[in-house]
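Single-letter residue listing:
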Number of protein chains: 2
Amino acid sequence: MSTPHAILISLLERPSSGYDLARRFDRSMGYFWRATHQQIYRELGRMLQQGWVAVIGETTGEAATPRKKVYQVLPAGRAEVVRWVQETDTDVDGRNVFLIKLRAEAVIGPLGLDAELERLVALHRARLQTYLDIEQRDFSPADALTHAQQVQYAILKGGIRSEQSWLAWAEEVLPLLKS
Amino acid sequence: MSTPHAILISLLERPSSGYDLARRFDRSMGYFWRATHQQIYRELGRMLQQGWVAVIGETTGEAATPRKKVYQVLPAGRAEVVRWVQETDTDVDGRNVFLIKLRAEAVIGPLGLDAELERLVALHRARLQTYLDIEQRDFSPADALTHAQQVQYAILKGGIRSEQSWLAWAEEVLPLLKS
DNA sequence: GGTGACATGTAACGTGTTACATGATTTC
DNA sequence: GAAATCATGTAACACGTTACATGTCACC
């Protein structure tokens, strides 16, 4: 449910052809969201029908051959992005979905994402606490762990570290969203 | 392509019913891998046919009603886990896939995951460097950034922090896998 | 004239998600 | 005896992935 919106936001940043989008999703955008060209063409077709985007360029050479089609976001598409960003149901694990929303804020302007970020912070704090509790309960005597236990502990420590790092980031970002 | 293997590893840890598995995938396992009960039953059916697992309990009350079916991993299933773990094509973004593999190492024993972790470390180092390059190029004068640029920078910093944290974790885990 | 990048699509398949469905056992 | 939990499953749909398919343009 996020791919079409990721595409819309990319198009808001710069009107592009499907091919262009596919390349951007392989590069900068691709670091936090993936989409193949088949997916992109499928979504562009749907969004055309829904009136979210329009073709502006259509540099058709002369024959019936498909030549570069440049897509642009229509007001309805922009409104849809705002609606989607503000439907505050980002999943705890859907960190990248939040990054897409941030990208929307960068291109559209303040969208009130601070409330959602605070919600996510609370969820991640709770999860971190769960991990720390498990650590206390299962891995408290740091020595005397079997190999299997050490590996399990390593998995847990990965979770702890990742939550801590995410929280530190969120604390840094929050002031930016409070306007 | 990883869900059946996540299930197999869960079953190696403890033979269970589909219902049991579903609950575990909502709790401990669920922190890094998700699967609904429908998915689990579907996969259990397939794995039965492939001879990877067998039903041992089948506590059928008396009527034709479905009662607790306990699944156990067969040698072929265990071999499949080892094969899958050692096919070293974990994706850079598929961090959680590597966590499942670690869990397999915890339950089966050393599987030579150090080589793959080193491969991943190299990929993450390269990605981190890419991010740092972008930081240098686009956000060098820390002041004089528009709001939009600050938000974009925040997204980038999220990537940087996440890579650094992952790398620190990997450095810590690596010695454990070198046996 | 051949290779590689540009550019757009269709079709088939696998997996994950949502909704529906049924019945047994335990607890209040 | 009603409600919650245990327990297993089917069906339809949405989405992502892989493979296939076609044709243009620029460059050597």
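That block above? That's the structure.
Basis of the calculations
- All residue numbers refer to position in the chain's written sequence, counted from 1.
- Written order decides the labels, with chains lettered from A and ligands numbered from 1.
- Totals for whole chains, interfaces and linings use every residue, but because this is a predicted model, local features are given only for residues with pLDDT of at least 70 and side-chain atom pairs only at 80 or more, for both listing and counting.
- The side-chain figures draw on all heavy atoms in the structure; neither hydrogens nor water molecules are used.
- Residue proximity to a molecule or strand is established when one non-hydrogen atom of the residue lies within 4 Å of it.
- Polar contacts here mean pairs of N or O atoms no more than 3.5 Å apart (in protein, one a potential hydrogen donor and the other a potential acceptor; neighbouring residues in sequence count only if both atoms are side-chain atoms).
- Helix and strand assignments follow DSSP, with helices taken as H or I runs no shorter than four residues and strands as E runs no shorter than two, numbered in order from the N terminus.
- Asp, Glu, Lys and Arg are counted as charged, while Ala, Val, Leu, Ile, Met, Phe, Trp, Tyr, Cys and Pro are counted as nonpolar; the rest, among them Gly, fall into the polar class.
- Axes, fitted as lines to C-alpha atoms, cover a helix only where it is in contact. Angles between the N-to-C directions of the axes lie from 0 to 180 degrees.
- Convention used here: angles under 35 degrees read as roughly parallel, angles over 145 as roughly antiparallel, angles from 65 to 115 as roughly perpendicular, and any remaining angle as oblique.
- For a crossing to be left-handed, the near helix must be turned anticlockwise from the far one by less than a right angle; the clockwise case is right-handed.
- Any two residues whose heavy atoms approach within 4.5 Å at even a single point are treated as in contact.
- By definition, the buried area sums, over both parts, the 1.4 Å-probe accessible area that each loses when the two are put together.
- Salt bridge, as applied in this entry: a Lys or Arg side-chain nitrogen positioned within 4 Å of an Asp or Glu carboxyl oxygen.
- For a helix, the expected span equals 1.5 Å multiplied by the number of residues minus one.
- Each residue gets one of three labels from its accessible area relative to the maximum for its type: buried under 20%, exposed over 50%, partly exposed in between, using a 1.4 Å probe on protein chains only.
- Each C-beta atom gives one direction from the helix axis, and the arc is the one those directions make.

### Examining the protein's contact with DNA strand C
- Surrounding DNA strand C, one finds 22 residues, the nearest of these being Tyr19(A), Tyr41(A), Lys69(A), Gln38(B) and Gln39(B).
- Considering DNA strand C, the proportion of its atoms within 4 Å of the protein that are sugar or phosphate atoms stands at 59%.
- Between DNA strand C and Gly18(A), the relevant distance is 3.5 Å, taken from a phosphate oxygen to a main-chain nitrogen or oxygen of the residue.
- Within the side chain of Lys69(A), an N or O atom sits 2.8 Å from a phosphate oxygen of DNA strand C.
- Contributions of two or more residues to the surface near DNA strand C are made by helix 2 (18-26) and helix 3 (37-50) of chain A together with helix 3 (37-50) of chain B.
- Partitioned by chemical class, the residues of the surface near DNA strand C number five nonpolar, nine polar and eight charged.

### A short note on the protein's contact with DNA strand D
- Taken together, 21 residues surround DNA strand D, and among them Gln38(A), Gln39(A), Tyr19(B), Tyr41(B) and Lys69(B) come closest.
- Backbone atoms, meaning sugar plus phosphate, form 61% of the atoms of DNA strand D positioned within 4 Å of the protein.
- The contact in question runs from a phosphate oxygen of DNA strand D to an N or O atom on the side chain of Thr3(A), over 2.9 Å.
- Between Gln38(A) and DNA strand D, the recorded distance is 2.8 Å, taken from a side-chain N or O atom to a base nitrogen.
- Each residue belonging to the surface near DNA strand D can be placed in one class, and the counts come to four nonpolar, nine polar and eight charged.

### Brief notes about the packing of helix 6 (residues 114-138) of chain B against helix 7 (residues 147-177) of chain B
Residues and elements named next belong to chain B.
- Across the interface, helix 6 lies against helix 7 with an axial gap of 9 Å and an inter-helix angle of 155°. Taken together, the axis directions place helix 6 and helix 7 in an arrangement best described as roughly antiparallel. The handedness of the crossing between helix 6 and helix 7 is left-handed.
- Considering only residue class, the contact of helix 6 with helix 7 consists of 16 nonpolar, three polar and seven charged.

### Looking at the interface of chain B and chain A
- Contact residues are listed per partner, giving 30 residues for chain B and 30 residues for chain A.
- Carbon and sulfur atoms make up 64% of the area that chain B and chain A hide from each other, which totals about 2800 Å².
- Across the pair Lys157(B) and Glu172(A) runs a salt bridge whose closest N-O atoms are separated by 3.0 Å.
- The set of elements that each furnish at least two residues to the side of chain B that touches chain A consists of helix 5 (95-108), helix 6 and helix 7 of chain B.
- No other element matches the 17 residues that helix 7 of chain B contributes to the side of chain B that touches chain A.

### Section: helix 4 (residues 75-86) of chain A
All names here are of chain A.
- For helix 4, built from twelve residues, the straight-helix expectation of 16 Å at 1.5 Å per residue is met to within 8% by its first-to-last C-alpha distance of 17 Å.
- The set of residues buried in helix 4 consists of Gly77, Glu80, Val81, Trp84 and Val85. Buried residues in helix 4, looked at end-on, bunch into an arc of 130°, giving them a common side.
- The elements touched by buried residues of helix 4 are helix 1 (3-13), strand 2 (71-73), helix 5 (95-108) and helix 6 (114-138).

### Focus on the pattern of salt bridges
Residue and element names in this part refer to chain A.
- What the rule picks out here adds up to 30 salt bridges over all chains.
- Its salt-bridge partner being aspartate 93, residue arginine 127 comes within 2.8 Å of it at the nearest N-O pair. Within this pair, whereas arginine 127 is found in helix 6, its partner aspartate 93 is found in the loop between helix 4 and helix 5, the two being separated by 34 residues in sequence.
- On the basis of relative accessible area, aspartate 93 is assigned to the partly exposed category, the value being 33%.
- Among the salt bridges present, the one from glutamate 118 reaches lysine 178, with a minimum N-O distance of 3.0 Å. Taken together, the residues glutamate 118 in helix 6 and lysine 178 in the segment after helix 7 (147-177) connect sequence positions 60 residues apart.
- Taking the relative accessible area as the measure of exposure, glutamate 118 reaches 36% and is therefore partly exposed.
- The exposure class of lysine 178 is partly exposed, given its relative accessible area of 48%.

Functional significance is not addressed by these values, which are geometric in nature.
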